Amino acid sequence: DGGITQSPKYLFRKEGQNVTLSCEQNLNHDAMYWYRQDPGQGLRLIYYSQIVNDFQKGDIAEGYSVSREKKESFPLTVTSAQKNPTAFYLCASSPRTGGSPDTQYFGPGTRLTVL
Amino acid sequence: DAKTTQPPSMDCAEGRAANLPCNHSTISGNEYVYWYRQIHSQGPQYIIHGLKNNETNEMASLIITEDRKSSTLILPHATLRDTAVYYCIVRVRAGNMLTFGGGTRLMVKP
């Protein structure tokens, strides 16, 4: 099936540890995104990438890092510098058709809890 | 991107139409109106989008006022599975970033 996968669904880490969240898509989409969602809130953009080997900071990039070595993969690392890492993390992708703003397709999310 | 205003919550009876309003009074001529929804603990799901004209697909209809300062998402026959948070987003063609506000929590009741 085509789609976006995020793993694991639930992740627990100790405070001070870095943790990497996986995001893979087989939709042949050029653009990929990471969002953070806190309880009862909307989504906030962390990082995005419009092409392989290139990415830009979103609204809340501090304490996070990403890489885009392959078109299919856009892993997010939550570093120990992120002061409040416990949240629901969502990955999305979209094609770059050049037409109307491209629809974003979301993965199922990873719920990270830092103990 | 223009800011949107939505009511925080709404109720709807099962089988009836759900009409979700969105104000975007500062929308620019090149900004589209998008609607997504998010069922609890899942990723957001695209519903529909439009620029000027009303749009309809298998999920919903989107009515945009002539001055484009507001829009309404219509779920013609709401089911219990339509219970979710509905986000109205406006954004320009260039760049794909979505700015999610608080959305409207729709509760469909039997």
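Residues numbered from 1 in each chain as written. Chains lettered and ligands numbered in written order. Predicted model: local features only at pLDDT ≥ 70, side-chain atom pairs only at ≥ 80, totals over all residues. Heavy atoms only, no water.

J.: Please clarify how the sheet that holds strand β6 (residues 61–64) of chain B should be interpreted in this entry.
T.: Remark on secondary structure: sheet strands pair via backbone hydrogen bonds, oriented parallel or antiparallel. All names here are of chain B. Strands sit in the order β2-β7-β6-β5 across an open sheet of four strands; the sheet is antiparallel. The strands lining the two open edges of the sheet, one partner per strand, are β2 (18–23) and β5 (55–56). Bridge analysis of β2 against strand β7 (residues 70–75) gives six bridges, and the strand direction is antiparallel. Residue pairing across strands places A18 opposite L75, the latter belonging to β7. (Pairing = 2+ DSSP bridges. Helix = DSSP H or I, 4+ residues; strand = E, 2+ residues; numbered from the N terminus.)

J.: In this structure, what is going on with the packing of aromatic side chains? I would like to understand it.
T.: Any aromatic ring pair is given by two values, namely how distant the centres are and how the planes are angled relative to each other. In total, this model carries eight aromatic pairs over all chains according to the counting rule given. An angle of 65° between the planes, with centres 5.9 Å apart, marks the rings of Y64 of chain A and Y89 of chain A as edge-to-face. Taken together, the residues span a long stretch of sequence, with Y64 of chain A in strand β7 (residues 64–66) and Y89 of chain A in strand β9 (residues 87–94) at a distance of 25 residues. One aromatic cluster is present, formed by Y33, Y35 and F106 of chain A together with Y34, Y36 and Y46 of chain B through successive ring pairs. It is R68 of chain A that lies over the ring of F74 of chain A; its NZ or CZ is 6.0 Å from the centre. In this structure, R111 of chain A is placed above the aromatic ring of F88 of chain A, and the distance from its NZ or CZ to the ring centre is 4.5 Å. (Phe/Tyr/Trp six-rings, centres within 6.5 Å; stacked < 30°, edge-to-face > 60°. Lys NZ or Arg CZ within 6 Å of the ring centre and 35° of its normal.)

Structural measurements only, silent on function.
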